[in-house]
Amino acid sequence: MRCPFCGEENTRVVDSRPAEDGSSIRRRRQCDACSRRFTTYEKVETIPLLVVKKDDSRVPYERSKIESGVLRACHKRPVSSAQIEKLIDEVETALFQSGVTEVKTTFIGELVMERLKCLDQVAYVRFASVYREFKDVRTFMVELRKLSGEEGHA
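All of these numbers come straight from a predicted model, not from anything done at the bench.

Undergrad: Explain the overall build of the protein residue by residue, including any values.
TA: Helix and strand counts for the protein come out as five helices and six strands. Its helices and strands in sequence order give the protein the pattern β-β-β-β-β-α-α-β-α-α-α, from N to C terminus. Relative to the compact-globule value of 15 Å for 154 residues, the protein shows a C-alpha radius of gyration of 22 Å, a clear excess of over 25%. Dimensions of the protein along its principal axes, counting C-alpha atoms only, are 70 × 35 × 25 Å. Counting the 154 residues in the protein, one finds 29% classified as buried. Sequence separation of at least 24 residues holds for 42% of the intrachain contacts in the protein that already meet a minimum separation of 6. For the protein, the exposed surface amounts to about 10400 Å²; the carbon and sulfur share of it is 52%. Of the side-chain charges in the protein, 28 are positive and 25 negative, and the distance between the mean point of each set is 3 Å.

Following this line, the structure appears as structure tokens:
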């Protein structure tokens, strides 16, 4: 690892520990030439994931797109940012563990809705109304009836 201060190639690890999120390793390094310390993070390289959109075009996966949809659905709801992060982490884990290199937007949407339904039912309905493109009140009511029917069985 090259020193960011003097450019020397010889640095050594003085401390290693898991990063706060648990998905990487935080390493404190010290340069043998200038003795300055710096931090690096080591992360597992994941396979690139392409998202297949409804028009069959393909775009690189972006976590921020899921995040913005979930944030909109949870706006002014009693859902913490930690709960939202956890939901998105779970969706990402399911995506990357599937082992595929291309995933349809419909699959991602279903994963999000499955988790939102358990987290906050109003957020779920908001997300579903955009994702499923409800065309009229009738289709919206059908979804609400399904949701309330599930509540009755719980």
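Undergrad: Lay out the sheet that holds strand 1 (residues 11–18) with the relevant residues and their values.
TA: Taken together, three strands build an open sheet; the order of strands is 1-2-3 and the sheet is antiparallel. Strand pairing shows two members of the sheet lacking a second neighbour, strand 1 and strand 3 (37–43), which therefore form its edges. With direction set aside, neighbouring strand axes in the sheet form an average angle of 30 degrees. With seven bridges joining them, strand 2 (residues 24–31) and strand 3 adopt antiparallel strand pairing. Among the inter-strand pairings, glutamine 30 is bridged to a residue of strand 3, identified as arginine 37.

Reading the values: the criteria
- Residues numbered from 1 in each chain as written.
- Predicted model: local features only at pLDDT ≥ 70, side-chain atom pairs only at ≥ 80, totals over all residues.
- Heavy atoms only, no water.
- Helix = DSSP H or I, 4+ residues; strand = E, 2+ residues; numbered from the N terminus.
- Rg over C-alpha atoms; globule rule 2.2 N^0.38 Å.
- Buried < 20%, exposed > 50% of the residue type's maximum accessible area, 1.4 Å probe, protein only.
- Contact = heavy atoms within 4.5 Å.
- Areas by Shrake-Rupley, 256 points an atom, 1.4 Å probe, with all protein chains shown as cover.
- Lys, Arg positive; Asp, Glu negative; His and termini not counted.
- Charge placed at Lys NZ, Arg CZ, Asp CG, Glu CD.
- Pairing = 2+ DSSP bridges.
- Axes fitted to C-alpha atoms, helices over the stretch in contact; angles between N-to-C directions.

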